[in-house]
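Chain by chain, the residues:
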Amino acid sequence: MKSANGSFAVKIFDKNFDFADVTLDDEKVTGAQIALAVGKHPVETFVVLRHLVTGELETLRPTETSVLDKNRVNRFFVVEGSLTYRFFVEGLAMEWPRRKLIARQIKFLAGASDEQALTLESAGADLIFDDDDEVDIGGDEVERFKLRKRKKTVTVIYGGDTEFQLERRTYTTEELMAVFGVPAGYKLDIIGADGDFREMAPGERLKVKDGMEFASHPPVGQSS
C-alpha cells in the first residue's frame, strides 16, 4: 500500500509470523532488498517469500524483482533456509523453508476463519488439526490440505471405553473430574499416545482434543 508521501508500506514476517512494518520508496523491489530491510544478511542464507493477495506464497530470489501494490498491504516472509517444501491449501500453492508449521499459521496464510479447521485428507479417516498442532509439510509427497467447518465438540474416552462429547475448549482438572464422575478422593490421569499415564495436577488447564483418553486411580496407599 502506498503512503501519502509516495513510499510503499510493507509488512515483513519472520519464521514465527512476527512482523516488522517498513516503508520502501521503490515500486519494484528485489528479494535482497526485502531481506536487508529487516537486517537479514547474508541474503543468500535466507528465503524470501511474497504472500500474494490470493493467499499463495512464492519465492523471490535475491536478484528477482517484484512490483509492490499501491492499493493493498504488501506482505513478505524472510526465513533462514536454503530450500522450500511445497504444499497446497484448498488448491492454493504454498512453499516454506522449514519442514513444519503450526496449523494456525497455515490457516493465516490461506485466510481461513476461526470457525474453520485445517484438514489433511487421507485414505482412512481425515486428520483434523487443532490450531496449535504442529504440521509436517516436508514429507516425500506434496501435502494437500483442506479447510472444513470446525466441529464444536470433541470425543474423549474415560475409563477405557466410555465416550464423552465435550465442548471444544480448555478444562481444569476439576471440571473434567466432574464430567467423568471420578470418585471422590481419586486422581485423574491423562493417557499419552505412548500409553503412559500422567496424573493431572489440581487446577491444571488442558485443551481437550479428539481421541484423548483419561483414567483415574485412588490416592497412593489406598486400595482400589
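Draft legend 1. The arrangement of the overall build of the chain in detail. The number of helices and strands found in the chain is 3 helices and 21 strands. Referenced to the eigenvectors of the C-alpha coordinate spread, the extents of the chain come out at roughly 75 × 35 × 30 Å. In the chain, of all internal contacts separated by at least 6 residues, the share reaching a separation of at least 24 is 60%. Surface exposure of the chain reaches about 12,800 Å², of which carbon and sulfur atoms provide 48%.

Draft legend 2. Fine view of the packing of aromatic side chains. All told, the structure shown has 12 aromatic pairs when counted by the stated rule. Here Phe13 and Phe19 contribute two aromatic rings whose centre-to-centre distance is 5.2 Å and whose plane-to-plane angle is 50 degrees, an arrangement assigned as tilted. Residue Phe19 is classed as partly exposed on the basis of its relative accessible area, which comes to 45%. Between the aromatic rings of Phe180 and Phe214, the centroid separation amounts to 5.2 Å while the plane-to-plane angle is 45 degrees, which identifies the pairing as tilted. Of the two residues, Phe180 is situated in helix α3 (residues 173-180) and Phe214 in strand β21 (residues 213-217); the sequence distance between them amounts to 34 residues. Assigned by exposure class, Phe180 and Phe214 land together as buried. Aromatic ring contacts, followed pair by pair, group Phe13, Phe17, Phe19, Phe77, Trp96 and Phe108 into a single cluster. One Lys or Arg, Arg169, reaches over the ring of Tyr171 and ends 3.8 Å from the middle of that ring.

Draft legend 3. Main features of the pairing of strand β2 (residues 19-24). One ladder, built from 6 bridges, connects strand β1 (residues 8-13) with β2; its direction is antiparallel. Looking at the pairing, Phe8 lines up with Leu24 of β2. Here β1 folds back onto β2 in antiparallel fashion, the turn holding 5 residues, of which Phe17 has a positive phi close to 70 degrees.

Draft legend 4. Structural detail: the nonpolar core. With 25 residues, the main nonpolar core has Phe77, Phe87, Val89, Trp96, Leu118 and Phe145 as its most contacted residues. Of all elements in the fold, only β4 (46-51), β7 (74-80), β8 (85-89), β9 (92-96), α2 (103-110), β11 (116-120) and β14 (143-149) reach the threshold of two or more residues within this core. Considering each element in turn, this core owes the most residues, 4 residues, to α2. Setting aside anything within four residues of it in sequence, one finds Phe87 in contact with Leu92, Ala93, Met94, Glu95, Trp96, Leu101, Ile106, Ile137, Val142, Glu143 and Phe145. Counting residues in hydrophobic clusters, the runner-up holds 18 residues, among them Val154, Leu188, Met200 and Val208.

Draft legend 5. Region of interest: the sheet that holds β9. Spatially, the 5 strands line up as an open sheet ordered β9-β8-β14-β11-β12, and their pairing is mixed. The sheet is open, and its two borders are formed by β9 and β12 (127-129), each paired with just one other strand. Across this sheet, the average inter-strand angle for adjacent strands is 35 degrees, counted without regard to direction. Seen against the sheet, α2 touches β8, β9, β11, β12 and β14 and runs at an angle of roughly 105 degrees to β11.

Draft legend 6. How the structure looks around the environment of Ala103. Looking at the element boundaries, Ala103 is found in helix α2. Here the alpha-carbon distance between Ala103 and Ile128, two residues 25 residues apart in the chain, equals 9.8 Å. Excluding anything up to four places from it in sequence, Ala103 contacts Leu118, Phe129, Asp130, Asp131, Asp133 and Val135.

Draft legend 7. A look at the sheet that holds β1. Taken together, 5 strands build an open sheet; the order of strands is β2-β1-β7-β4-β5 and the sheet is mixed. The sheet is open, and its two edges are formed by β2 and β5 (57-59), each paired on a single side. With direction set aside, neighbouring strand axes in the sheet form an average angle of 30 degrees. Note that β1 and β7 share 4 bridges and pair parallel.

Draft legend 8. Representation of the side chain of His51 within the structure. Structurally, His51 can be placed in strand β4. On the basis of relative accessible area, His51 is assigned to the buried category, the value being 8%. Polar contacts involving the side chain of His51 include one to the main-chain carbonyl oxygen of Gly55, which spans 3.4 Å. Sequence-distant contacts of His51, defined by excluding residues within four places in its chain, comprise Glu56, Leu57, Arg75, Phe77, Phe108 and Leu109.

Quick notes on the rules
- Residues numbered from 1 in each chain as written.
- Predicted model: local features only at pLDDT ≥ 70, side-chain atom pairs only at ≥ 80, totals over all residues.
- Heavy atoms only, no water.
- Helix = DSSP H or I, 4+ residues; strand = E, 2+ residues; numbered from the N terminus.
- Contact = heavy atoms within 4.5 Å.
- Areas by Shrake-Rupley, 256 points an atom, 1.4 Å probe, with all protein chains shown as cover.
- Phe/Tyr/Trp six-rings, centres within 6.5 Å; stacked < 30°, edge-to-face > 60°.
- Buried < 20%, exposed > 50% of the residue type's maximum accessible area, 1.4 Å probe, protein only.
- Lys NZ or Arg CZ within 6 Å of the ring centre and 35° of its normal.
- Pairing = 2+ DSSP bridges.
- Core = buried A, V, L, I, M, F, W, Y, C linked by side-chain atoms within 4.5 Å.
- Axes fitted to C-alpha atoms, helices over the stretch in contact; angles between N-to-C directions.
- Polar contact = N/O pair within 3.5 Å; in protein donor to acceptor, adjacent residues only side chain to side chain.

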